[in-house]
Amino acid sequence: MVAHINTVAFAGIEARPVDVQVQISSGMVSFTIVGLPDKAVAESRERVRAALAAIGLALPPKRITVNLSPADMPKEGSHFDLPIALGVMAAMEVLGREDVGQLLALGELSLDGAISAVPGVLPAALAANALDLTLACPQAQGGEAAWAGDLEILAAPDLLSLVNHLKGSQLLSRPEPKLVEQGPAAPDLRDIKGQEMAKRALEIAACGGHNMLMMGPPGAGKSMLAQRLPSILPPLSPEEALELSMIASVAGELEGGAISRRRPFRNPHHSASMPALVGGGSRARPGEVSLAHMGVLFLDELPEFPRATLESLRQPIESGKAVVARAMAHVTYPARFQLVAAMNPCRCGYLDDAALACSRAPRCAADYQAKISGPLFDRIDLHIDVPKVTAADLTLPPPREGSTEVAARVTAARALQTARFRAMGAPEVRTNADADGDILAQIADPDDAGRALLNKAIDRMHLSARGYHRVLRVARTLADMEGAESLGRNHIAEALSYRRIAPALSLA
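1. Topic: the overall build of the protein
From N to C terminus, the protein includes 22 helices and 18 strands. Sorting the 508 residues of the protein into buried and exposed places 51% on the buried side. Within the protein, contacts between residues at least 6 apart in sequence are counted, and of these 72% link residues at least 24 apart. Carbon and sulfur atoms provide 53% of the accessible area of the protein, an area that totals close to 22500 Å². Counting 51 positive and 56 negative side-chain charges, the protein places the averaged centre of each group 5 Å from the other.

2. Some words on the nonpolar core
Met 212, Met 214, Leu 229, Ile 232, Ile 384 and Leu 496 are the most contacted members of the largest nonpolar core, which totals 52 residues. The dominant element in this core, judged by the number of residues it contributes, is helix α8 (residues 196-208), at 7 residues. Grouped together as the second largest cluster of nonpolar side chains are 40 residues, Ala 9, Val 20, Ile 33 and Leu 154 included.

3. Here's the deal with the environment of Ser 497
Tracing the backbone through its elements, the reader meets Ser 497 in helix α22 (residues 489-497). Judged by its relative accessible area of 48%, Ser 497 falls in the partly exposed class. Spatially, the C-alpha atom of Ser 497 lies 51 Å from that of Pro 74, the residues being 423 residues apart in sequence. Polar side-chain contacts of Ser 497 include one of 2.5 Å to the backbone oxygen of Glu 494.

4. A short note on the pattern of salt bridges
Evaluated as defined, the whole model comprises 29 salt bridges. Notably, a salt bridge pairs Arg 409 with Glu 203, separated by 2.8 Å at the nearest N-O pair. With Arg 409 in helix α18 (residues 403-423) and Glu 203 in helix α8, this pair connects stretches of sequence that are 206 residues apart. Arg 409 sits in the partly exposed class, given a relative accessible area of 33%. Salt bridges sharing partners connect three or more residues here, namely Glu 318, Asp 378, Arg 379, Asp 381, Arg 466, Arg 470 and Arg 499.

5. Some remarks on unusual backbone geometry
With an omega of 5°, the peptide bond running from Ser 69 to Pro 70 counts as cis. Within the secondary structure, Pro 70 sits in the loop between β4 (63-69) and α3 (81-91). The residue Glu 93 is not glycine, and still its phi comes out positive at about 65°. Here Glu 93 lies in the loop between α3 and α4 (97-101).

6. Quick notes on α18
Compared with the 30 Å implied by 1.5 Å per residue over 21 residues, the 30 Å span of α18 between its first and last C-alpha is a close match. Of all the residues in α18, the buried ones are Ser 403, Val 406, Ala 407, Val 410, Ala 413, Arg 414, Gln 417, Arg 420 and Phe 421. All buried residues of α18 lie within an arc of 150° about the axis, which places them on one face of the element. The exposed set on the far side of α18, more than 90 degrees from its buried face, consists of Thr 404, Arg 422 and Ala 423.

7. Some remarks on the sheet that holds strand β11 (residues 265-266)
One open sheet holds the 5 strands; their spatial order is β11-β14-β17-β10-β18, and the pairing between them is parallel. At either end of the open sheet lies a strand with only one pairing partner, and these are β11 and β18 (382-385). Bridge count for β11 against strand β14 (residues 296-299) is 2 bridges, and the pairing is parallel. Paired with Phe 265 across the strands is Val 296, a residue of β14.

8. Some details on the packing of helix α21 (residues 465-482) against α22
One can describe the packing of α21 onto α22 by two numbers: an axis separation of 8 Å at closest approach and a directional angle of 125°. With respect to each other, α21 and α22 are oriented oblique. The chirality of how α21 crosses α22 is right-handed. Between α21 and α22, the residues in contact are Val 471, Leu 472, Val 474, Ala 475, Leu 478, Ala 479 and Glu 482 and Asn 490, His 491, Ile 492, Glu 494, Ala 495 and Leu 496, respectively. Taken together, the residues of the contact of α21 with α22 sort by class into 9 nonpolar, 2 polar and 2 charged.

9. Quick word on the side chain of Asp 381
Within the fold, Asp 381 resides in the loop between α16 (374-378) and β18. For Asp 381, a relative accessible area of 1% translates into the label buried. For Asp 381, the side chain forms a polar contact with the side chain of His 210, separated by 3.3 Å. Side-chain polar atoms of Asp 381 contact the backbone nitrogen of Asn 211, separated by 3.2 Å. What Asp 381 contacts, discounting residues up to four positions off in sequence, is His 210, Asn 211, Arg 470, Val 474, Tyr 498 and Arg 499.

10. Overview of the environment of Asp 367
As for its position among the elements, Asp 367 is in helix α15 (residues 363-369). Classification of Asp 367 as partly exposed rests on a relative accessible area of 37%. Sequence separation between Asp 367 and Ala 205 is 162 residues; the distance between their C-alpha atoms is 28 Å.

11. A look at the packing of aromatic side chains
Counted under the stated rule, the structure contains 1 aromatic pair. Both rings, one in Phe 265 and one in Phe 298, keep their centres 6.0 Å apart while their planes meet at 25°; by these two values the pair is stacked. Taken as a pair, Phe 265 in strand β11 and Phe 298 in strand β14 lie far apart in primary sequence, 33 residues in all. Directly above the aromatic system of Phe 421 lies the positively charged group of Arg 420, at a separation of 6.0 Å from the ring centroid.

12. Examining α21
Think of an α-helix as 3.6 residues a turn; residues three or four steps apart then line up on the same face. Taking 1.5 Å as the rise per residue, α21 with 18 residues should run 26 Å; its terminal C-alpha atoms sit 26 Å apart, in good agreement. Of the residues making up α21, those classed as buried are Gly 467, Arg 470, Val 471, Leu 472, Arg 473, Val 474, Ala 475, Arg 476, Thr 477, Leu 478, Ala 479 and Asp 480. Looking one or two places after α21, you find Gly 483, whose phi comes out positive at around 75°.

13. Overview of the packing of α8 against α18
Two elements in contact, α8 and α18, have axes whose closest approach is 8 Å; the angle formed by their N-to-C orientations is 35°. In this structure, α8 meets α18 at a crossing whose hand is right-handed. Taking contact as the criterion, the partners of Glu 203, Ala 206, Cys 207 and Gly 208 in α8 are, on α18, Val 406, Arg 409, Val 410, Ala 413, Arg 414 and Gln 417.

Rules of the game
Residues numbered from 1 in each chain as written. Predicted model: local features only at pLDDT ≥ 70, side-chain atom pairs only at ≥ 80, totals over all residues. Heavy atoms only, no water. Helix = DSSP H or I, 4+ residues; strand = E, 2+ residues; numbered from the N terminus. Buried < 20%, exposed > 50% of the residue type's maximum accessible area, 1.4 Å probe, protein only. Contact = heavy atoms within 4.5 Å. Areas by Shrake-Rupley, 256 points an atom, 1.4 Å probe, with all protein chains shown as cover. Lys, Arg positive; Asp, Glu negative; His and termini not counted. Charge placed at Lys NZ, Arg CZ, Asp CG, Glu CD. Core = buried A, V, L, I, M, F, W, Y, C linked by side-chain atoms within 4.5 Å. Polar contact = N/O pair within 3.5 Å; in protein donor to acceptor, adjacent residues only side chain to side chain. Salt bridge = Lys/Arg side-chain N within 4 Å of Asp/Glu carboxyl O. Expected span 1.5 Å × (residues − 1). Arc of directions from axis to C-beta. Pairing = 2+ DSSP bridges. Axes fitted to C-alpha atoms, helices over the stretch in contact; angles between N-to-C directions. Parallel < 35°, antiparallel > 145°, perpendicular 65-115°, else oblique. Left-handed = near helix turned anticlockwise from the far one by under 90°. Nonpolar A, V, L, I, M, F, W, Y, C, P; charged D, E, K, R; others polar. Phe/Tyr/Trp six-rings, centres within 6.5 Å; stacked < 30°, edge-to-face > 60°. Lys NZ or Arg CZ within 6 Å of the ring centre and 35° of its normal.

See the structure below:
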């Protein structure tokens with residue numbers, strides 16, 4: 001007879017059911033795993049053999065065949081260890097086959113029988129809940145699995161404890177959902193002196209979820225501003241936290257199995273490769289754009305990134321998805337992130353300072369800024385010049401407003417947008433930056449004066465259709481910040497002031 005146990009294989013954040021079939025038959029002594037296993041899965045037989053020996057069981061001197069069905073789906077990762085071990089014990093009649101057949105198991109086995117943490121427990125728990133199965137997982141990730149809903153969870157520290165529970169000689173308690181403990185507070189906007197225009201733009205970006213580019217000389221405070229953006233963003237809603245945690249779970253970045261309500265802030269170095277940024281690699285893992293889902297992706301020294309890597313951001317910015325296509329995998333990860341970038345105006349950084357600028361100015365600025373393509377610049381809503389901080393600014397007392405006061409306004413503006421989009425029957429649209437099509441036409445219809453100004457700007461600033469719609473989104477956010485129902489000329493004018501025709505052309 002064949003013993004069956006359930007597990008999953010991952011395609012992006014989707015957990016696809018896998019039937020682990022184990023047969024022990026007469027013949028030459030062997031332990032074979034079939035069903036398109038990768039190297040980590042093929043090596044499970046040695047970990048399973050050692051783990052069973054650690055609890056006092058020896059494999060029978062027979063032919064053991066493990067089939068991972070469907071056989072044409074690639075199987076990757078060490079999480080197949082636990083279901084294979086339980087299936088082998090069911091085939092050996094150490095465990096009841098019916099009991100094992102009601103489990104969905106995943107976990108890596110140590111040589112001493114301990115069950116180690118693996119990526120993807122949260123999506124697996126959601127799959128188990130949908131299939132009405134009991135989840136068996138590592139004890140360290142029980143709190144992560146508990147967020148999947150009302151399902152039975154066996155979070156065991158080792159194989160022996162799990163076996164004893166299944167045989168009725170020990171009871172494993174159900175784990176409780178775990179939240180990340182409140183860490184140190186994010187840097188406060190009160191630390192920044194001067195740069196009032198940049199702080200205004202940062203608040204607009206936070207209120208509407210808009211992309212933002214800051215350009216200025218070295219030491220002007222661009223990175224400081226970006227690092228303080230998380231301090232004014234509202235916490236994740238429970239639905240958003242669960243969606244983001246599924247990505248982090250697949251990437252193996254949920255520390256201690258605890259879910260966080262903080263929005264992510266990802267800050268990759270400019271040497272990052274395209275797969276690291278967008279996703280990919282041999283196992284099609286999520287990239288920085290997906291790990292920044294519902295949060296901020298900060299790219300410092302933007303022109304120093306490889307051009308092909310930056311161009312790969314264009315589709316995720318528009319669609320909110322990162323599609324990774326490989327010969328053996330085609331997966332889609334959510335990637336609705338807020339892009340914040342910073343750059344110097346030229347390679348030396350001192351374009352506007354005649355005493356420090358290099359001898360090639362302003363030609364060097366045109367060459368340096370041309371590393372960023374026009375289509376990528378067109379996808380950025382807010383273009384901000386961050387000037388050099390003067391000595392007078394540095395001697396000023398701390399600002400009266402800090403992150404707490406600004407965060408209250410941001411939360412109110414976001415709540416207004418959430419209520420509006422839900423009333424329109426579009427709960428998937430979370431911020432003004434996500435609005436498109438008919439929804440944008442309904443919420444961002446300017447008055448006559450505003451429409452006349454915008455029409456004039458289309459010709460004079462050579463706005464593309466994308467640029468036109470992004471101006472409307474920013475104007476809608478400005479109106480929300482004031483509590484205004486309609487878009488006026490002042491909202492359109494300020495939104496237009498944040499557009500840039502093309503950085504290199506501005507030098508002409």
